[in-house]
Amino acid sequence: MAHASRPRLPTRDGISPSCVAVPAARWPTVLDFLAERLPALTRDEWQARLHTGAVLDEQGLPVAATRPCRAGQRLFYYRGWSDEPDASGSERIVFQDEWLVVADKPHFMPVTPSGRFVQRSLLVRLKRRLGIDTLSPIHRIDRETAGLVVFAIQPHTRDAYQALFRDQRIDKHYEAVAPRQPALSRPRTHRSRLEPDPVRFFVSREVAGAPNSETHIEQATAHGVHALYRLRPVTGQRHQLRLHMNALGAPILGDAFYPEVLRDAGQADDERRPLQLLARRLAFDDPVTGTPRVFESGLRLAALDGAWPLPAPRGQA
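Residues numbered from 1 in each chain as written. Predicted model: local features only at pLDDT ≥ 70, side-chain atom pairs only at ≥ 80, totals over all residues. Heavy atoms only, no water.

(A) Expanded view of unusual backbone geometry. Following Tyr258, the chain continues to Pro259 via a peptide bond in cis, the omega torsion being 10°. Turning to its location among the elements, Pro259 is positioned in the loop between helix H5 (240-247) and strand E13 (277-285). One non-glycine residue, Phe108, lies in the positive phi region at around 70°. Looking at the element boundaries, Phe108 is found in the loop between strand E5 (100-105) and helix H3 (122-130). For Phe108, a relative accessible area of 6% puts it in the buried group. Although it is not a glycine, Gln168 sits at a positive phi angle of roughly 55°. Looking at the secondary structure, you find Gln168 in the loop between helix H4 (158-166) and strand E8 (171-179). (Helix = DSSP H or I, 4+ residues; strand = E, 2+ residues; numbered from the N terminus. Buried < 20%, exposed > 50% of the residue type's maximum accessible area, 1.4 Å probe, protein only.)

(B) Seen up close, H3. The set of residues buried in H3 consists of Leu122, Leu123, Val124, Leu126 and Lys127. Buried residues along H3 sit in contact with strand E4 (92-96), E5, strand E6 (136-137) and strand E7 (146-152). Residue Gly131 follows H3 closely and has a positive phi angle near 70°. (Contact = heavy atoms within 4.5 Å.)

(C) Expanded view of the packing of helix H1 (residues 30-37) against helix H2 (residues 43-51). Between H1 and H2, the least distance of the axes is 9 Å, while the angle of their chain directions is 135°. As far as their axial angle goes, H2 and H1 are oblique. As for the relative orientation of H1 and H2, their crossing is right-handed in sense. Here Val30, Leu31, Asp32, Leu34 and Ala35 of H1 lie close against H2, whose contacting residues are Arg43, Trp46, Gln47 and Leu50. In terms of residue class, the contact of H1 with H2 is made up of 6 nonpolar, 1 polar and 2 charged. (Axes fitted to C-alpha atoms, helices over the stretch in contact; angles between N-to-C directions. Parallel < 35°, antiparallel > 145°, perpendicular 65-115°, else oblique. Left-handed = near helix turned anticlockwise from the far one by under 90°. Nonpolar A, V, L, I, M, F, W, Y, C, P; charged D, E, K, R; others polar.)

(D) Molecular detail of the side chain of Ser204. With respect to the helices and strands, the residue Ser204 is situated in strand E10 (residues 204-207). Polar contacts involving the side chain of Ser204 include one to the side chain of Arg238, which spans 3.1 Å. Setting aside residues up to four positions removed in sequence, Ser204 forms contacts with Glu195, Pro196, Asp197, Arg238, His239, Leu243 and Tyr258. (Polar contact = N/O pair within 3.5 Å; in protein donor to acceptor, adjacent residues only side chain to side chain.)

(E) How the structure looks around the pairing of E4. Looking at chain direction, E4 and E5 are connected through 4 bridges and run antiparallel. When the bridges of E5 are listed, Phe95 appears paired with Val102. Between E4 and E5, which pair antiparallel and follow one another directly, the connecting turn spans 3 residues. (Pairing = 2+ DSSP bridges.)

(F) Representation of the environment of Ala176 in the model. Mapped onto the elements of the fold, Ala176 is located in strand E8. Separated by 99 residues in sequence, Ala176 and Leu275 have C-alpha atoms that sit 8.6 Å apart. In this structure, Ala176 is in contact with Ala227, Leu228, Tyr229, Leu231, Ile252, Gln276, Leu277 and Leu301, ignoring residues within four places of it in sequence.

(G) Looking closely at the packing of aromatic side chains. Tallied over the full model, the rule gives 7 aromatic pairs. Each ring, one from Trp46 and one from Tyr77, has its centre 5.6 Å from the other, and the planes form 80°; the classification is edge-to-face. With Trp46 in helix H2 and Tyr77 in strand E3 (residues 74-77), this residue pair connects regions lying 31 residues apart in the sequence. A relative accessible area of 14% means that Tyr77 is categorised as buried. Ring-pair connections join several aromatic residues into one group, and the members of that group are Phe201, Phe202, Phe257 and Tyr258. The aromatic ring of Trp46 is capped on one face by Arg49, whose charged end is 5.9 Å from the ring centroid. (Phe/Tyr/Trp six-rings, centres within 6.5 Å; stacked < 30°, edge-to-face > 60°. Lys NZ or Arg CZ within 6 Å of the ring centre and 35° of its normal.)

(H) Focus on H5. For H5, a buried count of 6 out of 8 residues is recorded, marking the element as mostly surrounded by other parts of the structure. Within the sequence span of H5, burial applies to Gln240, Leu241, Arg242, Leu243, His244 and Met245. Residues of H5 that are buried make contact with E8, strand E9 (188-196), E10, strand E11 (213-223), strand E12 (226-233) and E13. In the segment just after H5, Gly249 is the residue with positive phi, at about 80°.

(I) View of the environment of Leu184. Take Leu184: it is sitting in the loop between E8 and E9. Classification of Leu184 as buried rests on a relative accessible area of 2%. Between the alpha carbons of Leu184 and Gly249 there is a distance of 9.3 Å; along the sequence they are 65 residues apart.

(J) Region of the structure containing the side chain of Gln240. Mapped onto the fold, Gln240 is located in helix H5. Reaching out from Gln240, the side chain makes a polar contact with the side chain of Thr235 at a distance of 2.7 Å.

(K) Summary view of the environment of Val207. Structurally, Val207 can be placed in strand E10. By relative accessible area, which is 22% here, Val207 ends up partly exposed. Sequence spacing of Val207 and Gly89 is 118 residues, and the spatial spacing of their C-alpha atoms is 36 Å. Aside from chain neighbours lying at most four places away, what touches Val207 is Arg193 and Glu195.

Okay, structure coming up:
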């Protein structure tokens, strides 16, 4: 006998529901389970969410706080924080058709919900702005990096677009401002092995071993003691461009992690010193339509205009 299909749960304010499964029947109630298993919210905050119907069962029905907790039960909830800070900048839509949305992301905005950034994330903002619940990023750039991000609209095309990045069939062009280095006056390629730092989870490091990262680097124009660099990453390791530039003696201006960790994950950003790294251009042959695609960012790095550091945001000294 066929089981009835589970209803697709709706988004709320651009946020798709997250799911958590109950591993064992050792919690008396749903509230007890959520308060212990997901302690990022207090028990009182979970109580309030359950009271307002923000926690659902597999049929999309609100779950009461006193509902008995059983093993294998799946609960769906909508992420969000009452004290989430407002976005310091706004995204700009570069391109949209029936297949893709391409947006320019400002510094300090994550591509997808992460930590305490939910409504501030680019994905949620675009879902709310465009009313497209199926929107999904086909790649990521760092929260600190500005520039182009591409989203698939149709779920059945998502894997084909993501394969462009997995199979290195896309030309990625970045710009960065960093100290001028005579050794970088000629184009070069930097390869190294990158792995997560065993102590600080939010940074990576170069280690001995077979290279798993590759970047083409060219010093373009001089700007005083700094220079504009054009970077073409072949691979897409975490913090690859930042690590490669630092390894060559030219750490990117505004980098709070390399060569030295100036703030831990979760600490407030210094919005006067955004990372001077921009995802400038993307080019590829569309695997769905077969047409060549070329997208250009409309943003410009502030350091190129002598605006460094930036003026303090309003309300700050």
